[in-house]
Amino acid sequence: MTTTPGSDAGGEIGGCLAHQEGKNMLNHGGIDYTTYLKLDQVLGAQCLQSEIHGDPAHDEHLFIITHQAYELWFKQILWEVDSIRDVFNNVGKGATLGATVRTLDEGKTMLILSRLNRINQILKLLVDQVMILETMTPLDFADFRNYLAPASGFQSLQFRLLENKLGLKQEHRVRYNQKHYQEVFKTHPQYVQMLEDSETEESLMVLVQRWLERTPGLEEDGFNFWGKFKASVMDMLGDELQEADSEEDPMIKEDKMAQYKKQRDAFESIFDEDKHNILVARGDRKFTHKAMQGAMMISLYRDEPRFHQPFQVLTQLMDIDSFLTKWRYNHVTMVQRMLGSKVGTGGSSGYHYLRSTVSDRYKIFLDLFNLSTFLIPRDRIPPLTQSMHRKLSVFDRNDDSGISLDDLRDLSN
């Protein structure tokens, strides 16, 4: 059987074409793809300085595209961070006193998780994106680098805003050329104002601490987790001391005593609030004492239904720090590979300055990483009371105090 093009042989060709039937809605008005995405502006925003100087360098186009892509993703991350802060900063009524307080609707924890995960997926992409830039050799970069000065990645307004909104404090920053980080933006007063505003607004770090401080079970006149946790730790340390004392081998005994003292001093630094606050003032810790207690309780009782999602939130917050640290490290490695120890285009020490930013001082949620220092064996974790177990079995989206509906009924009786 022969067919001609466009015929409906066996319904194959005609059927295929039939599936493509439709209406061109642009004929009825509306907006098209190019206009909606403003592609004329976006795709026309690559202005090669080497070309302007009559010495076109092929790889400058890659350099520009990569950094523009970074800035677009930074904008999306800021969009997500602002939305998460709004959820944390929701104004509501306290469950017990009826006073106006800032609470987190537990029913929106999944929304927070979804957006934190989105941020981490973007950051993962940005970490991998460094590898694309590394397809450019140092000699390729040298072809156009001199045309970039004094432009520098340090002048990325959005990245500084992101650091501030996450919770990086000015005193934890490494000074850029021995100057305040805002100095590079002084020719743009509106940028300086945006940075100052981001410093005075409540950061995600502040809002997370406030949320942790209200963790159900911390109430001293209730379950009193911290009191029970401390008692359990003291029992554990007592057993370790007794074991060290009873050791007959002098070398092993000395080693066990050293381990015991190290453990004792570590736990003393979290049980003694004054010592904790000294570490906070020194920058070795970031959380308030009460927020640290909340994070510890969630970590130890994460298998309880009400703490499933809060524990995932803490994990996602650590992931943000992890990806940012990886991104900084990859950036440092790439700069060393491209420039060696040359001065940066913005006038900084280049590699040496960037290397100093890959440290714990730039971790926003540092205390979450260090919680593992204070974890105790499962058989040492204080058992939940029946009432506390009931509170953590389900959550009430209108309750921010940790008091369940059953407890309120008991109180009324």
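Residues numbered from 1 in each chain as written. Predicted model: local features only at pLDDT ≥ 70, side-chain atom pairs only at ≥ 80, totals over all residues. Heavy atoms only, no water.

Under the annotation held in an unreviewed UniProt entry, the chain carries the name Tryptophan 2,3-dioxygenase and is attributed to Branchiostoma lanceolatum. The annotation that UniProt attaches to the chain under Sequence similarities (unreviewed entry) is "Belongs to the tryptophan 2,3-dioxygenase family." Quoted verbatim from the Function (unreviewed entry) field of the UniProt record, the comment on the chain reads "Heme-dependent dioxygenase that catalyzes the oxidative cleavage of the L-tryptophan (L-Trp) pyrrole ring and converts L-tryptophan to N-formyl-L-kynurenine. Catalyzes the oxidative cleavage of the indole moiety." (UniProt positions renumbered as here; feature names shortened; annotations may be inferred.)

Asks: Quick rundown of unusual backbone geometry? Include the residues and the values.
Replies: Where the residue is not glycine, phi is negative for most of them; where a peptide bond is considered, it is trans in most cases. Cis geometry is adopted by the peptide bond preceding P150, which originates at A149 and carries an omega value of 5°. We note that K38 has phi near 50°; this positive angle belongs to a residue other than glycine. You can see K38 is positioned in the loop between helix 2 (33-36) and helix 3 (39-42). (Helix = DSSP H or I, 4+ residues; strand = E, 2+ residues; numbered from the N terminus.)

Asks: A description of the environment of M318 should follow, citing residues and the corresponding values.
Replies: Position of M318 among the secondary structure elements: in helix 15 (residues 305-339). On a C-alpha basis, the gap between M318 and L366 in space is 7.9 Å, while along the polypeptide they are 48 residues apart. Discounting residues that sit within four places of it in the chain, M318 has contacts with L368 and F369. (Contact = heavy atoms within 4.5 Å.)

Asks: Report on a nonpolar patch on the surface, specifying residues and quantitative values.
Replies: A surface patch of nonpolar side chains, amounting to about 490 Å² of accessible area, comprises I31, Y33, Y36 and L37. Take L37: it is sitting in the loop between helix 2 and helix 3. (Patch = residues over 30% accessible without salt bridge, like charges linked within 9 Å, V, L, I, M, F, W, Y side chains within 5 Å. Areas by Shrake-Rupley, 256 points an atom, 1.4 Å probe, with all protein chains shown as cover. Salt bridge = Lys/Arg side-chain N within 4 Å of Asp/Glu carboxyl O.)

Asks: Please give an account of the nonpolar core that cites residues and values.
Replies: Residues F88, L212, F225, F229, F267, L317 and F365 are the most contacted members of the largest nonpolar core, which totals 90 residues. With 13 residues, the top contributor of residues to this core is helix 15. (Core = buried A, V, L, I, M, F, W, Y, C linked by side-chain atoms within 4.5 Å. Buried < 20%, exposed > 50% of the residue type's maximum accessible area, 1.4 Å probe, protein only.)

Asks: Quick one: what's the story with the side chain of E304, residue by residue and with numbers?
Replies: Mapped onto the secondary structure, E304 falls in the loop between helix 14 (289-300) and helix 15. At 9.1 Å, R378 is the nearest oppositely charged side chain to E304, a buried residue that forms no salt bridge. In this view, E304 contacts L384, H389 and L392; residues no more than four positions away in its chain are not counted. (Lys, Arg positive; Asp, Glu negative; His and termini not counted.)

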